[in-house]
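Results of the structural survey
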Amino acid sequence: MTTVHIVGAGIHRFGRSPGMSALDQGVAACRTALADAGIDWSQVQFGFGGSRDGGNADAVMARLGLTGVQFINVANGCATGGSALASAYWAIKSGEFDIGIVVGFDKHAKGSFNPDPERWGLPMWYGRTGLMLTTQFFGLKIQRYMALHGIDTTTLGRVAEKAFRNGVDADHAWRREEIDLDTILHSTMVSDPLTKFMFCSPSEGAAAMIVMSDRKMRELGLAGPAIRSVAVRTRLPGSFEVFSPSLQVEQAPAPTVLASRAAFDMAGIGPEDIDVAQLQDTDCGAEIMHMAENGFCKDGDQVEWLAEGRTALGGGLPINTDGGCLGCGEPIGASGLRQIYENVQQLRGRSGARQVADATLAYSQVYGAPGLSAVVILEGCR
Amino acid sequence: MTMAGQPVADDLYRLVDGAVRLIAARPQDGGPLAFPFPQGSEADRHERILLPATGTLWSWTVQRFAPKAPYDGPAEADFTPYGVAYVQLGDMLIVEGRVTGADLSTLRIGQPMRVVTEAYARGADGSPIETYAFAPIEEQP
């Protein structure tokens, strides 16, 4: 059976890049990924890509060369990058193709997103009355989770403290300076219980991957981590998702739980086997809940995990080793692929000061509105 | 709690014996209740169900900055933070809405809440625009 490998990974630094369009950044990431793989654009047989505010992803082709191959634009909210990689994985796995590119890029205006209710199948009044903000959802979800599972605000703050610490050593991160716990806890309250430094901000950036069948990889004498599994899952009735005017009283597992279980089953491994993880951390609460939703710890154990530094570099399971969304900001189209980029670098032993020793199995999870999750498990080639 | 303002949308709530009742939708072919009642072609496939006028606070947060459009409440200069909550109405449904008439620093999960209306914005002619909201029920000492 075909296995799918990532033989090249490129990124254009996240944050603010004045004078560069989102597309400029996307093209730069594609060129870096091609150079990293050591292949030419003319060898690429297909592409999947996405961007929310940066235009059509297939516009990269006009810059890289109009080779006539298929390119499909992907739009799956914050999970766009993970979904694009999933599509490329299936394209190669099916045996139709051997070499593909996946790209995501974005450039957002400052401040919170202001989604159009009707594009989400919601009535206008939901936006007019001031209920359609992702920041509110993050506050509402962690507020209840904290009450149910005994999480304190110090634990929330520790997530951000770790993110900014990790970002210092990541060249592609936006936030490159440490922020102490006290400053995080006492920064401006945005949506209770989450303060300013507990939220990621919309930003800019791009990432691209070259994916290849094992057969072609050997033929070309290349190497790269194998994709052990990919799973994308959507919400069930009763799960607590963003942009929900109402919820069922009977709660159901989150889409992340479904995607995580499917990915572990497909890979034939469990959470205890993972060496490094990138989890969606649009806010500190999201990382805390995703630690449990992905099966890494029990609900409530996060207090102990964070206090003991188990998810910090040097801990048992380093999480968001490049600073995550908190440290890099979130350009929607690129964010999920940044996670993959970071895992590829970790598995290839290229992460310098933030390298996780002997990382072999790497996990990434991205969550998107209106309630979907994409999980990718990579295995290093060492 | 008067119904003086112009509702922000039709079919959101009804005043019944002095109580504000939210209008939920039950699919005619079965399936879970939902709020709000759908508009347009989906409406024919649903039955209107009035939700209880009181419930308990399920989760809450505070909107502390002025949202961007399509929000049409008081902008930057006149903005005051407002609460946002999910309230469980009986055993029927958990509904999201604004919080009014509350000291936001005292909100706690599980406290009793009632459905009210709130003039959250003003129209071009200065007349109030109203939506449903949740207010704490004062507990007996």
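Residues numbered from 1 in each chain as written. Chains lettered and ligands numbered in written order. Predicted model: local features only at pLDDT ≥ 70, side-chain atom pairs only at ≥ 80, totals over all residues. Heavy atoms only, no water.

1. What about the overall build of chain A?
Of the regular secondary structure elements, chain A holds 13 helices and 12 strands. On C-alpha atoms alone, chain A measures out to a radius of gyration of 19 Å, which is about the 21 Å that the 2.2 N^0.38 rule sets for 382 residues. For chain A, with 382 residues in total, the buried portion stands at 63%. Contacts in chain A between residues at least 24 apart in sequence constitute 75% of all its contacts with a sequence separation of at least 6. When the accessible area of chain A is evaluated, it comes to approximately 13100 Å², of which 49% is carbon and sulfur surface. Counting 32 positive and 41 negative side-chain charges, chain A places the averaged centre of each group 4 Å from the other. (Helix = DSSP H or I, 4+ residues; strand = E, 2+ residues; numbered from the N terminus. Rg over C-alpha atoms; globule rule 2.2 N^0.38 Å. Buried < 20%, exposed > 50% of the residue type's maximum accessible area, 1.4 Å probe, protein only. Contact = heavy atoms within 4.5 Å. Areas by Shrake-Rupley, 256 points an atom, 1.4 Å probe, with all protein chains shown as cover. Lys, Arg positive; Asp, Glu negative; His and termini not counted. Charge placed at Lys NZ, Arg CZ, Asp CG, Glu CD.)

2. Remarks on the pairing of strand β11 (residues 361–368) of chain A
Residues and elements named next belong to chain A. For β11, the tally of buried residues reaches eight of eight residues, placing the bulk of the element in the interior. The side-chain alternation of β11 yields two buried faces, one formed by Leu361, Tyr363, Gln365 and Tyr367 and the other by Ala362, Ser364, Val366 and Gly368. In terms of strand pairing, β11 meets strand β12 (residues 372–379) through eight bridges, oriented antiparallel. By the bridge assignment for β12, Val366 is matched with Ala374. Counting the residues between successive antiparallel strands, the hairpin from β11 to β12 contains three residues, one of them, Gly371, with a positive phi of roughly 130°. (Pairing = 2+ DSSP bridges.)

3. A short note on the interface of chain A and chain B
The interface of chain A with chain B comprises 37 residues on the first partner and 41 residues on the second. A buried area of about 3300 Å², summed over both sides, lies between chain A and chain B, and 59% of it is on carbon and sulfur atoms. Of all residues in chain A, the largest losses of buried area upon contact with chain B belong to A:Trp125, A:Arg128 and A:Leu140, amounting jointly to 21% of the total for that side. Counting the contacts that link chain A with chain B gives two salt bridges. Between B:Arg64 and A:Asp192 there is a salt bridge, with the nearest N and O atoms lying 2.8 Å from each other. On inspection of chain A and its partner chain B, the count reaches 20 residue pairs in polar contact (both at pLDDT 80 or more). The element that contributes the greatest number of residues to the side of chain A that touches chain B is helix α5 (residues 134–149) of chain A, accounting for seven residues. Tallied by class, the residues present in the side of chain A that touches chain B amount to 17 nonpolar, 15 polar and five charged. Pairing between strand β9 (residues 246–247) of chain A and strand β7 (residues 93–99) of chain B: two bridges, direction antiparallel. Bridging across to β7(B), A:Leu247 finds its partner in B:Ile94. (Buried area = accessible area lost by both parts, 1.4 Å probe. Salt bridge = Lys/Arg side-chain N within 4 Å of Asp/Glu carboxyl O. Polar contact = N/O pair within 3.5 Å; in protein donor to acceptor, adjacent residues only side chain to side chain. Nonpolar A, V, L, I, M, F, W, Y, C, P; charged D, E, K, R; others polar.)

4. Observations regarding the packing of α5(A) against helix α10 (residues 284–293) of chain A
Residues and elements named next belong to chain A. Where α5 meets α10, the closest approach of the two axes is 9 Å, and the angle between their N-to-C directions is 60°. Taken together, α5 and α10 sit at an angle that is classed as oblique. Considering the relative orientation of α5 and α10, their crossing is left-handed. On α10, the residues that touch Lys141, Ile142 and Tyr145 of α5 are Gly285, Ile288, Met289, Ala292 and Glu293. (Axes fitted to C-alpha atoms, helices over the stretch in contact; angles between N-to-C directions. Parallel < 35°, antiparallel > 145°, perpendicular 65-115°, else oblique. Left-handed = near helix turned anticlockwise from the far one by under 90°.)

5. Focus: the nonpolar core
Counting residues in hydrophobic clusters, the biggest one holds 92 residues, and the most contacted among them are A:Ile274, A:Tyr363, A:Ile377, B:Leu22, B:Val95 and B:Tyr132. Ignoring any residue separated from it by four or fewer positions in sequence, one finds B:Tyr132 in contact with A:Trp125, A:Leu131, B:Leu12, B:Tyr13, B:Leu22, B:Phe35, B:Val95, B:Glu96, B:Gly97, B:Val115, B:Val116 and B:Thr117. One finds A:Val74, A:Val102, A:Ala207 and A:Val356 within the second-largest nonpolar core, a separate group that totals 36 residues. (Core = buried A, V, L, I, M, F, W, Y, C linked by side-chain atoms within 4.5 Å.)

6. Considering helix α1 (residues 22–37) of chain A
Residue and element names in this part refer to chain A. Over its 16 residues, α1 extends 23 Å from the first C-alpha to the last, a length consistent with the 22 Å expected when each residue adds 1.5 Å. Against the buried residues of α1 lie β1 (4–15), α2 (60–64), β4 (99–107) and β7 (204–213). Positioned one or two residues after α1, Gly38 has a phi angle of 75°, which is positive. (Expected span 1.5 Å × (residues − 1).)

7. A closer look at helix α13 (residues 332–347) of chain A
Residue and element names in this part refer to chain A. Compared with the 22 Å implied by 1.5 Å per residue over 16 residues, the 24 Å span of α13 between its first and last C-alpha is a close match. Burial analysis of α13 places 16 of its 16 residues in the buried class, the great majority of the element. Remark: Gly349 follows α13 within two positions and exhibits a positive phi of approximately 70°.

8. Some thoughts on the sheet that holds strand β4 (residues 46–50) of chain B
Residues and elements named next belong to chain B. Read from one edge to the other, the open sheet built from three strands follows the order β2-β3-β4, with strand pairing classed as antiparallel. Two strands lie at the open edges of the sheet, namely β2 (13–16) and β4, each paired on one side alone. Each adjacent strand pair in this sheet contributes to an overall mean axis angle of 40°, direction not counted. Here four bridges tie β2 to strand β3 (residues 19–27), and the two strands are oriented antiparallel to one another. If you follow Leu15 over to β3, its bridge partner there is Val20.

Functional significance is not addressed by these values, which are geometric in nature.
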